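# Structural description and commentary
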Amino acid sequence: MQHSEIELPRSSIKKIAVVGPESTGKSTMSAYLANQYNTVWVPEFARGYCEKLTAPPTWQDEVNMFYGQLALEKEILPKANELLICDTTFITVKIWSDYTFGQSPQEVLDELPKHPYDLYLLLDIDLPWEEDPLRDFPHMREHFMDVWHNELQALNARYVVISGTGIERYDNAVAAIDEFL
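What you see as residue numbers is a count from 1 along each chain, following the sequence as written. In keeping with the model being predicted, local features are shown solely for residues with a pLDDT of at least 70 and side-chain atom pairs are shown and tallied solely at 80 or more, while totals for entire chains, interfaces and linings include all residues. Side-chain figures throughout are based on the complete set of non-hydrogen atoms in the structure, without hydrogens or water.

Bringing unusual backbone geometry into the picture now. A positive phi angle is found at Asn-38, which is not glycine, with a value near 50°. Only DSSP runs of H or I with at least four residues qualify as helices, and only runs of E with at least two residues qualify as strands; both kinds are numbered from the N terminus onward. Mapping Asn-38 onto the fold places it in the loop between helix H1 (26-36) and strand E2 (40-42). For Asn-38, a relative accessible area of 58% puts it in the exposed group. A positive phi angle is found at Asn-156, which is not glycine, with a value near 55°. Its place among the elements puts Asn-156 in the loop between helix H6 (141-154) and strand E5 (159-162). Exposure categories follow from relative accessible area, calculated using a 1.4 Å probe and restricted to protein chains: below 20% of the type maximum is buried, above 50% is exposed, and the middle band is partly exposed.

Below, the structure is given as structure tokens:
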């Protein structure tokens, strides 16, 4: 039987999370990696959600984004081919809630240890800042990079920092995934 005819059990799908501070190229990297590995990627639910907001996100919005990200990942997982690339994770809800409200929704804290990813690619802040109506913190990139390190370490997550510009950045991400696999 050829490999393409084998239906992989969902539990054998490796989940790769592409994470990091604002304006580090997560969406572009996720699309690239999905193409590179002939699979699908889960977009960031919060982006589409926030584009529809007419005021800053509320506590309830953060909770909604948490549930939305989980649902989107669950919906796309069956379409994955060995790898599922995730453009961010709901850890972002924790980070933004902690920063904005001084705490995180309890359901987020409860679910964090239950939704591990096999590998996190933490995109470095070595890319130039790009303006975007949904980006707020151009002068806090170092702070949020430290926060990401702390959050991933708190989860005892396997992660690699991906640096570089242009094709070098993509090559570094592919090398990290290939080494993991």
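So much for the structure itself; the text now carries on.
Moving on, we get to the packing of H1 against helix H7 (residues 167-180). Between H1 and H7, the least distance of the axes is 11 Å, while the angle of their chain directions is 55°. In this view, H1 runs oblique relative to H7, as classed from their interaxial angle. Our pair here, H1 against H7, has a crossing hand that is right-handed. Of H7, the residues touching H1 (which contributes Thr-28, Met-29, Tyr-32, Leu-33 and Gln-36) are Ile-167, Arg-169, Tyr-170, Ala-173, Val-174 and Ile-177. Here the term charged refers only to Asp, Glu, Lys and Arg, the term nonpolar to Ala, Val, Leu, Ile, Met, Phe, Trp, Tyr, Cys and Pro, and the term polar to all other amino acids, Gly among them. Of the residues in the contact of H1 with H7, the class split is 8 nonpolar, 2 polar and 1 charged. Orientation is described by lines fitted to C-alpha atoms, with helices fitted over the stretch in contact, and by angles between N-to-C directions that extend from 0 to 180 degrees. Reported orientations rely on four angle classes, namely roughly parallel under 35 degrees, roughly antiparallel over 145, roughly perpendicular from 65 to 115, and oblique for the rest. Should the near helix be turned anticlockwise from the far one by less than a right angle, the crossing is left-handed, and should it be turned clockwise, the crossing is right-handed. Pairs of residues are marked as contacts when any of their non-hydrogen atoms sit within 4.5 Å.

The pairing criterion is simple: DSSP has to find at least two bridges between the two strands. Across the sheet, which stays open at both edges, the 5 strands sit in the order E2-E3-E1-E4-E5 with parallel pairing between neighbours. Each edge of the open sheet is held by one strand with a lone partner, namely E2 and E5. Sheet twist, expressed as the average angle between the axes of neighbouring strands with direction ignored, equals 25°. Here strand E1 (residues 14-19) runs beside strand E4 (residues 119-123); their pairing, made up of 4 bridges, is parallel. What sits directly across from Val-19, in E4, is Leu-122. Across the sheet, H7 is in contact with E1, strand E3 (83-87), E4 and E5; its angle to E4 comes to roughly 160°.

What follows concerns the packing of helix H3 (residues 59-76) against helix H4 (residues 91-101). In contact at an axis separation of 10 Å, H3 and H4 are set at 170° when each is read in the N-to-C sense. Taken together, H3 and H4 sit at an angle that is classed as roughly antiparallel. Of H4, the residues touching H3 (which contributes Trp-59, Glu-62, Met-65 and Phe-66) are Val-93, Trp-96, Ser-97 and Phe-101. Per-class residue counts for the contact of H3 with H4 are 6 nonpolar, 1 polar and 1 charged.

The next subject is the pattern of salt bridges. By definition, a salt bridge exists where a carboxyl oxygen of Asp or Glu is found within 4 Å of a side-chain nitrogen of Lys or Arg. A complete count under the given rule lists 6 salt bridges for this structure. Glu-111 is the salt-bridge partner of Lys-114, the closest N and O atoms lying 3.5 Å from each other. What makes Lys-114 exposed here is its relative accessible area of 56%. We classify Glu-111 as partly exposed; its relative accessible area is 21%. Salt bridges sharing common partners tie together Lys-94, Asp-98 and Glu-151.

With that settled, consider the nonpolar core. Val-19, Leu-84, Ile-91, Tyr-120, Trp-148 and Leu-152 are the most contacted members of the largest nonpolar core, which totals 31 residues. Going through the elements one at a time, E1, helix H2 (45-51), H3, E3, H4, E4 and H6 are the ones with two or more residues in this core. Every residue in contact with Tyr-120, bar those within four places of it in the chain, is listed here: Ala-17, Val-19, Thr-89, Ile-91, His-115, Leu-152, Leu-155, Ala-157, Arg-158, Tyr-159 and Val-160. To form a nonpolar core, buried Ala, Val, Leu, Ile, Met, Phe, Trp, Tyr and Cys residues must be joined to one another through side-chain atoms within 4.5 Å. Among the nonpolar cores identified, the runner-up in size contains 17 residues, and Ile-16, Val-18, Ala-34 and Val-174 belong to it.

Let us look at the packing of aromatic side chains. Any Phe, Tyr or Trp ring, taking Trp's six-membered ring, that has another such ring centre within 6.5 Å forms a pair; planes under 30 degrees apart are called stacked, those over 60 apart edge-to-face, and the others tilted. All told, the structure shown has 8 aromatic pairs when counted by the stated rule. Between Trp-96 and Phe-144, the ring centres sit 4.9 Å apart and the planes meet at 50°, which makes this aromatic pair tilted. Here the residue Trp-96 occupies a position in helix H4, and Phe-144 occupies one in helix H6, the gap between them amounting to 48 residues. Through a chain of ring-to-ring contacts, three or more aromatic side chains come together here, namely Phe-66, Tyr-67 and Phe-90. For a Lys NZ or an Arg CZ to count as sitting over a ring, it must be within 6 Å of the ring centre and within 35 degrees of the ring normal. When the ring centre of Tyr-117 is taken as reference, the NZ or CZ atom of Lys-15 above it lies at 4.6 Å.

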